[in-house]
Amino acid sequence: MDFAFYQVVVDVLIPDVLSSNMSGALTLQIRNFAKSLEIQLKKAMQGAPDVIQKKKLFAVRTLAQTLRRYTSLNHLASAARGVLQKPDQIQQMFQDFNRVDIANKQKSLEQWAEWMEAVVDQVLAKYHDKPYNVLADVSKQFLKNWSFYSSMIIRDLTLRSAQSFGSFHLIRLLFDEYLLYLVELRLAKASNKPVISVMTQQGKKKSGKTYGSSGSFYCVFKRSTKVWAVAARASRNSLNSVREQKNLFKNC
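None of the values given here were measured: they were computed from a predicted structure.

Student: Honestly, the overall build of the protein in this entry has me stumped. Any pointers?
Tutor: Counting its regular elements, the protein contains ten helices and two strands. The helix and strand sequence of the protein, counted from the amino end, reads α-α-α-α-α-α-α-α-β-β-α-α. Expressed as a percentage of its 252 residues, the buried residues of the protein come to 43%. Expressed as a percentage of contacts within the protein between residues at least 6 apart in sequence, the contacts between residues at least 24 apart total 68%. On the protein, roughly 14,500 Å² of surface is accessible, and the fraction owed to carbon and sulfur atoms is 54%.

Student: How should the packing of helix H3 (residues 50-84) against helix H4 (residues 87-96) be read in this particular structure?
Tutor: It is at 6 Å that the axes of H3 and H4 come closest, and there the two elements cross at 85 degrees. One way to sum up the angle between H3 and H4 is to call them roughly perpendicular. On the side of H3, the interface is formed by Gly82, Val83 and Leu84, while H4 contributes Gln89, Ile90 and Met93.

Student: I'm lost on the environment of Leu187 in this one. Help?
Tutor: By the element assignment, Leu187 lies in helix H7 (residues 165-191). Sequence spacing of Leu187 and Tyr132 is 55 residues, and the spatial spacing of their C-alpha atoms is 7.9 Å.

Student: Where do I start with the side chain of Ser191 in this structure?
Tutor: Within the secondary structure, Ser191 sits in helix H7. Setting aside its immediate chain neighbours within four residues, Ser191 contacts Tyr132 and Val198.

Student: When you look at helix H6 (residues 132-159) in this model, what are you seeing that I'm missing?
Tutor: The end-to-end C-alpha distance of H6 is 41 Å, a good match for the 40 Å that 28 residues give at a rise of 1.5 Å each. Looking one or two residues past H6, Ser161 carries a phi angle of roughly 55 degrees, positive in sign.

Student: Please explain the nonpolar core as it appears in this structure.
Tutor: In globular proteins that are soluble, nonpolar side chains generally tend to be buried together. The biggest cluster of nonpolar side chains holds 61 residues, and the ones touching the most others in it are Val17, Leu63, Leu67, Tyr70, Leu174, Tyr178 and Leu179. Beyond its immediate stretch of four places on either side in the chain, Leu67 contacts Val10, Leu13, Ile14, Ile30, Phe33, Ala34 and Leu37.

Student: Would you mind going over unusual backbone geometry with me for this structure?
Tutor: Peptide bonds are, in most cases, trans, and in most cases residues other than glycine have a negative phi. Its identity as a non-glycine residue notwithstanding, Asn192 has a phi of 55 degrees, on the positive side. Assignment of secondary structure puts Asn192 in the loop between H7 and helix H8 (195-198).

Student: Hey, could you run me through the confidence of the model for the protein in this one?
Tutor: Predicted confidence across the protein gives a mean pLDDT of 78, with 75% of residues reaching 70 or more. Of all the helices and strands in the protein, helix H10 (residues 242-246) carries the lowest mean pLDDT, 36, while helix H2 (residues 24-44) carries the highest, 93. Counting interchain partners and residues more than four positions distant, the pLDDT-below-50 stretch residues 202-216 has 33 contacts. Here residues 227-252 scores under 50 on pLDDT; set against residues more than four positions off or in separate chains, the count is 24 contacts.

Student: Looking at this model, I keep getting lost on the packing of aromatic side chains. Mind explaining?
Tutor: Any pair of aromatic rings gets described here by the distance separating the centres and the angle formed by the planes. Summed over the entire model, instances satisfying the criterion amount to ten aromatic pairs. Aromatic pair Trp115 and Trp146: ring centres 6.5 Å apart, planes at 55 degrees, arrangement tilted. One end of the pair, Trp115, is in helix H5 (residues 109-124); the other, Trp146, is in helix H6, and 31 residues separate them in sequence. The class for Trp115 is partly exposed, based on a relative accessible area of 36%.

Student: For this particular structure, what's the right way to read the side chain of Thr66?
Tutor: Along the chain, the position of Thr66 falls in helix H3. With relative accessibility at 1%, the residue Thr66 sits in the buried group. Not counting residues within four places of it along the chain, the set of residues in contact with Thr66 comprises Val10, Ile196 and Met199.

Student: In this structure, what is going on with H4? I would like to understand it.
Tutor: Given 3.6 residues per helical turn, the α-helix brings residues three or four places apart onto the same face. What H4 keeps buried is the set Ile90, Met93 and Asp96. Buried residues of H4, viewed axially, fall in a sector of 125 degrees; they line one side. Exposed and oriented more than 90 degrees from the buried face of H4 are Asp88 and Gln95. Of the surrounding secondary structure, the elements contacted by the buried residues of H4 are H3, H6 and H7.

About the criteria used
- Sequence order as written defines residue numbering, which begins from 1 separately in each chain.
- Given that the model is predicted, a residue must reach a pLDDT of at least 70 before its local features are reported, and side-chain atom pairs must reach 80 or more before they are shown or counted; all residues, however, enter totals for whole chains, interfaces and linings.
- Excluding hydrogens and water, the side-chain figures rest on all heavy atoms present in the structure.
- Runs of E in the DSSP output that reach at least two residues are strands. Runs of H or I that reach at least four are helices, and both are numbered from the N terminus.
- With a 1.4 Å probe rolled over the protein chains alone, any residue whose accessible area is under 20% of its type maximum counts as buried; one over 50% counts as exposed, and the rest are partly exposed.
- Working rule for contacts: check all heavy atoms of both residues, and any pair within 4.5 Å makes them a contact.
- To be clear on the numbers: accessible area is Shrake-Rupley with a 1.4 Å probe, and residue cover counts the displayed protein chains and nothing else.
- The axes are straight lines fitted to the C-alpha atoms, using for helices just the contacting stretch, and the angles between their N-to-C directions are given from 0 to 180°.
- Each angle receives one of four descriptions, namely roughly parallel if under 35 degrees, roughly antiparallel if over 145, roughly perpendicular if within 65 to 115, and oblique otherwise.
- The length a helix should cover is 1.5 Å for every residue beyond the first.
- For this analysis, a nonpolar core means a set of buried residues of the types Ala, Val, Leu, Ile, Met, Phe, Trp, Tyr and Cys, connected via side-chain atoms within 4.5 Å.
- A score from 0 to 100, pLDDT tells how confident the predictor is in each residue.
- Pairing of aromatic rings covers Phe, Tyr and Trp, the last through its six-membered ring, and needs centres within 6.5 Å; plane angles under 30 degrees mean stacked, over 60 mean edge-to-face, and all others mean tilted.
- Working definition: the arc comes from the directions between the helix axis and the C-beta atoms, pointing outward to the latter.

Here it is as structure tokens:
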């Protein structure tokens with residue numbers, strides 16, 4: 001019940017994560033609202049049984065995380081839209097990495113979003129009639145593969161000291177977050193549950209560790225992204241990054 005209500009809250013506050021109409025003031029208000037949610041709920045739940053408090057707090061933390069993620073995604077979209085609307089920056093990106101099909105024809109953010117939706121649909125189409133856990137595992141592997149290949153592109157640009165590295169990095173951040181968002185939407189539709197609920201689900205246990213069919217997507221994707229980023233920096237600087245890699249998994 002909590003997740004269903006919180007999903008409505010998310011849909012009302014952020015109906016379109018790529019919207020160009022969300023002002024900075026509104027974004028700040030939403031983030032402040034998310035920051036205060038847990039504190040306010042703890043005050044309201046004083047005296048309630050511990051079991052109920054834990055369930056309610058878990059749900060509201062998920063809402064807060066979702067609002068933070070979606071406002072960050074919207075901020076990335078606004079910044080990326082500025083890059084994609086400037087022909088000179090697109091041309092520089094093309095010159096830096098002409099094997100990436102990004103500048104043969106200038107495209108808007110919305111056109112790139114349609115392309116990403118088509119990619120996700122193409123990957124998951126053949127599994128639409130499979131059990132949910134199969135669809136979730138395929139989705140997770142897709143996100144890992146995307147993270148690997150996009151990180152290798154960033155690595156090559158880093159080694160070349162590309163002038164447009166910042167633009168590529170910004171676009172990559174947006175694509176990462178939006179693809180994760182699209183996958184979560186598809187899984188929510190397949191399970192007939194609110195997106196915010198799917199984000200928290202945990203899968204079965206294996207070898208003493210919990211690996212979520214969907215709930216761990218965010219951490220799995222972020223861990224993969226961080227690992228490839230560390231590898232890219234190590235290649236560039238020839239530094240021992242073992243200690244840094246050990247610290248990647250603390251927050252997930």
